[in-house]
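Structural characterization, general
Take a look at the letters that make up each chain.
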Amino acid sequence: MAESMKGLKRSHRCAELSKANVGETVTVMGWVQKSRNKGGIVFTDLRDRSGVLQIIFEEKTAGAEVFERAGKLRSEFVIAVTGKIELRAGGVNENMKTGEIELIADSLRVLSEAETPPFPVEENSKTKEDIRLKYRFLDLRRPDIQRNIMLRSKVTTTVRQFMAEEGFLEIETPILCKSTPEGARDYLVPSRIHPGSFYALPQSPQLFKQLLMCSGYDRYFQIAKCFRDEDLRADRQPEFTQIDMELSFVDVDDVIDVNERLLQRMFKDAIGVDVQLPIQRMTWQEAMERYGSDKPDLRFGMELIDISDTVKDCEFVVFSGALAAGGTVRAINVPGMGGMARKKLDALTEFVKGYGMKGMAYISIPEEGEEKCSFAKFMKPEELDAIKAKTEAKPGDLILILADAKKKLVLETLGALRCHMAEEMGLCDKDTFRFVWITEFPLLEWSEEENRFVAMHHPFTMPMEEDLDKLESDPGAVRAKAYDIVLNGVEIGGGSVRIHQNDIQEKMFEVIGLTSEDANDKFGFLLTAFKYGVPPHAGLAYGLDRLLMLMCKCDSIREVIAFPKVKDASDLMSEAPNIVDPVQLEELGIALVTPEETAVSEESEK
């Protein structure tokens, strides 16, 4: 039978106690991790968010009634215990923060009994994730998850303190907004008062934070909820959190400076890691050429090597054909993998085919024995030697080569292969944090689907001044004053200097095929504000969930979000999304179309 607290007050959390408290009478409260009745003595491990404390119940100190009740304790019972802290009689437990002490109980209250949980509440649970997420309220009791969630709180507290010291104002922007379909798919919210009209949940506070700069607030930040209706991955959720900021009267270096110091403060305060400043910078072009990615992982080498000139005169049609079509031939040297089995090499070929490549060439140089080359019969010995010299290969190395008429395809696929090999070789050390700024992104990218240029970031990104004359003549060559911050191969934040001159903004809209009417329809309130004096401004936003995933050394952002969704954007615990009462739909003027009705409609249109 559960009892009330009856005025009893907790004096300490479990792991706040130490050898310094020996001899003190304390009251602790929490969940029973496990309880072991050894006949004349009951050992109970009590857990709260701070950690675990061993409780000792003995009949001679606690009394017969308390001792009897202690013998009935089971996992996840919620209890309150009063007693005296003593040095642990059975020797120090090095695996516990409170391993030097124990609490000798003299009173016990069972505040809540518990059914047997569907899985053990323990660190590094081997329980399937879908079960854990169905019972997320239990999963959240696990010490490793609690550490993640508490670290999240610590990081956001540090952010608020730092931003306040730097003169930023925390300002909330609307959640119910106008849909501006430039980018990912919006989540829509129907309006009951305006039948047939919809709000959109914000994909970011972009337009509103620019308006705040127009309104003279100078430095804004917000820990903002954002929403995108897109397919999920390990590092994506339909709702996510940004550390969002905007600054007036600044350029690229100003934004990078304040953010480097913010990162340094976050990592030092939260996990005790010293981030060395300044952080390395690399242009987008350099990142693609060297690593095949605009979010390169710098924890390991294996950089991409251009061997196009080395093989340009060879008779191997895969290489010569790619180069004749204006393409490229690139390689990576994988050290120590020269003895890789043929089966594994075939698996790597299938890996690159998954990215759109037709195949992969290789030269395998074992420490001992015969060299293997998948295209040797088409090459002269001196040509193979030239490849090995260009890639600086030595005995024990493996050279992997891709060739295609599409340079971008080769770079991106070889970049992915580089990371895949690093994972296979155990080179991705989660205790190492390698930051890099990626700068000078292309302003625009060509969309085959829409047959037009689209903004790589968003249509308010400022071109680099020296490229302004190319906006009309060669828009694909224009670089943006945009920057991403990358950590261990993951983009954790990005931003840009914004356009504040009307003539440049009009040209930008023109290049991406937006008429003045279209622009006013989508962004009218921002463009109107720009007519009344707008300062030069720039900003950046971090994906807080991704950042925390790396700080906590997790493989998924679900491990750092209290109540995450799964890959189909559903919540297994609350069973959202779900059907709603027909009366609610009627009030909103919404009628649902069944799959059968859709099929009939499509058939009738044929």
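This text follows the structure it describes.
What you see as residue numbers is a count from 1 along each chain, following the sequence as written. Under the rules for a predicted model, residues below a pLDDT of 70 receive no local features and side-chain atom pairs below 80 are neither given nor counted, while totals for whole chains, interfaces and linings still include all residues. The basis for the side-chain values is all heavy atoms of the structure; hydrogens and waters are excluded.

On to the overall build of the chain. Helix numbers and strand numbers start at the N terminus; a helix is a DSSP run of H or I with at least 4 residues, a strand a run of E with at least 2. Secondary structure summary: the chain contains 19 helices and 22 strands in total. Taking the principal axes of the C-alpha coordinates as reference, the chain spans close to 90 × 75 × 60 Å. Only protein chains enter the accessibility calculation, which uses a 1.4 Å probe. A residue is then buried if its area is under 20% of the maximum for its type, exposed if over 50%, and partly exposed in between. Looking at the chain as a whole, 48% of its 606 residues qualify as buried. Any two residues having at least one pair of non-hydrogen atoms within 4.5 Å are treated as being in contact. For the chain, long-range pairs separated by at least 24 residues make up 67% of all intrachain contacts whose partners lie at least 6 apart in sequence. Areas reported here follow the Shrake-Rupley algorithm with a probe of radius 1.4 Å; residue values treat only the protein chains shown as occluding. Counting every atom, the chain has about 30600 Å² of accessible surface; 50% of that belongs to carbon and sulfur. For this count, His and the chain ends are skipped, Lys and Arg are scored as positive, and Asp and Glu as negative. Where a charge lies is defined by one atom per residue type: Lys uses NZ, Arg uses CZ, Asp uses CG and Glu uses CD. Within the chain, the 103 negative side-chain charges are centred at a point lying 5 Å from the centre of the 78 positive side-chain charges.

Here we come to the sheet that holds strand E13 (residues 328-334). The rule for pairing is simple: two strands pair if DSSP sees at least two bridges between them. The strand order across the open sheet built from five strands is E12-E13-E16-E14-E15, with neighbouring strands paired in antiparallel fashion. The sheet terminates laterally at strand E12 (305-306) and strand E15 (372-373), the two strands that pair on one side only. Where strand E14 (residues 361-364) lies against E15, two bridges are found, and the strand directions are antiparallel. The residue bridging Ser364 from the neighbouring strand is Lys372, located in E15. Packed onto the sheet, helix H12 (residues 381-390) meets E12, E14, E15 and strand E16 (398-404) and runs at close to 105° relative to E16. Only C-alpha atoms enter the line fits that serve as axes; for helices the fit covers just the stretch in contact. Angles between N-to-C directions range over 0 to 180 degrees.

Within 6.5 Å between ring centres, the rings of Phe, Tyr and Trp (the latter by its six-membered ring) count as paired, and their orientation is classed by plane angle as stacked under 30 degrees, edge-to-face over 60, tilted in between. In total, this model carries 14 aromatic pairs according to the counting rule given. Judged by centre distance (5.4 Å) and plane angle (70°), the ring pair of Phe267 and Phe433 falls under edge-to-face. Taken together, the positions of Phe267 in helix H7 (residues 252-271) and Phe433 in the loop between helix H13 (407-424) and strand E17 (435-439) put the pair 166 residues apart, joining distant regions of the chain. Following the ring pairs from residue to residue traces out a cluster consisting of Phe316, Phe319, Phe375 and Phe378.

This part takes up the layout of surface pockets. Here the idea is plain: a probe the size of a water molecule rolls over the atoms and shows the empty space left. A volume near 870 Å³ is recorded for the second largest pocket. In this structure, the second largest pocket is lined by 34 residues; those nearest its centre are Gly51, Val52, Glu123, Pro143 and Arg147. Put simply, the parts of the chain that give the lining of the second largest pocket at least two residues each are strand E1 (25-37), strand E2 (41-48), strand E3 (51-58), helix H5 (143-165) and H7. With six residues, H5 is the largest single contributor of residues to the lining of the second largest pocket. In the scheme used here, Gly and all other residues not listed as nonpolar or charged are polar, with Ala, Val, Leu, Ile, Met, Phe, Trp, Tyr, Cys and Pro taken as nonpolar and Asp, Glu, Lys and Arg as charged. Within the lining of the second largest pocket, the residues separate by chemical class into 14 nonpolar, eight polar and 12 charged. Buried and open spaces are told apart on a 1 Å grid over the protein atoms alone, a cavity being a set of points where a 1.4 Å probe fits but cannot get out and a pocket being an open set with protein on both sides within 12 Å along at least five of seven lines. Residues with an atom within 4 Å of a point are the lining residues. Grid points are joined across faces, edges and corners, and a volume is the space filled by probe spheres set on the points.

Another aspect to go through is the side chain of Lys565. Along the chain, the position of Lys565 falls in the loop between helix H17 (544-551) and helix H18 (582-588). Identification of polar contacts relies on pairs of N or O atoms within 3.5 Å, with a donor-acceptor requirement for protein atoms, meaning one able to donate a hydrogen and the other able to accept it, and with residues adjacent in sequence counted only if both atoms are side-chain atoms. At a separation of 2.6 Å, a polar atom in the side chain of Lys565 contacts the side chain of Glu239. Not counting residues up to four positions away in its chain, the partners in contact with Lys565 are Gln237, Pro238, Glu239, Arg558, Ser570 and Asp571.

In this section: the state of the cysteines. Each disulfide consists of a covalent bond between the sulfur atoms of two cysteine residues. Cysteine sulfurs are considered disulfide-paired once they come within 2.5 Å of each other. Under the criterion given, the structure shown has zero disulfides. Distance from the sulfur of Cys214, which forms no disulfide, to the nearest cysteine sulfur (Cys177) is 17 Å. What makes Cys214 buried here is its relative accessible area of 18%. Cys554 provides the cysteine sulfur closest to Cys552, a residue in no disulfide bond, and the two sulfurs are 5.1 Å apart. According to the relative accessible area criterion, Cys552 is buried, its value standing at 15%.

Attention shifts here to empty space enclosed by the protein. As enumerated under the stated definition, the model contains two cavities of 30 Å³ or more in all. Reported here for the largest cavity is a volume of approximately 40 Å³. Looking at the largest cavity, the residues that line it are Thr173, Pro174, Ile175, Pro202, Ser204, Pro205, Gln222, Ala224 and Lys225. Split into classes, the residues belonging to the lining of the largest cavity amount to five nonpolar, three polar and one charged.

Our focus in this paragraph is unusual backbone geometry. The amide bond that connects Leu277 to the next residue, Pro278, takes the cis arrangement and shows omega of 0°. For the bond from Ala576 to Pro577, the omega torsion is 0°, close enough to zero to count as cis. On the secondary structure map, Pro577 appears in the loop between H17 and H18. With a phi close to 50°, Asn124 is a non-glycine residue in the positive phi region. As for its position among the elements, Asn124 is in the loop between strand E5 (101-112) and helix H3 (129-134). The class for Asn124 is exposed, based on a relative accessible area of 52%. The phi torsion at Lys553 lies on the positive side, around 60°, for a residue other than glycine. Mapped onto the fold, Lys553 is located in the loop between H17 and H18.

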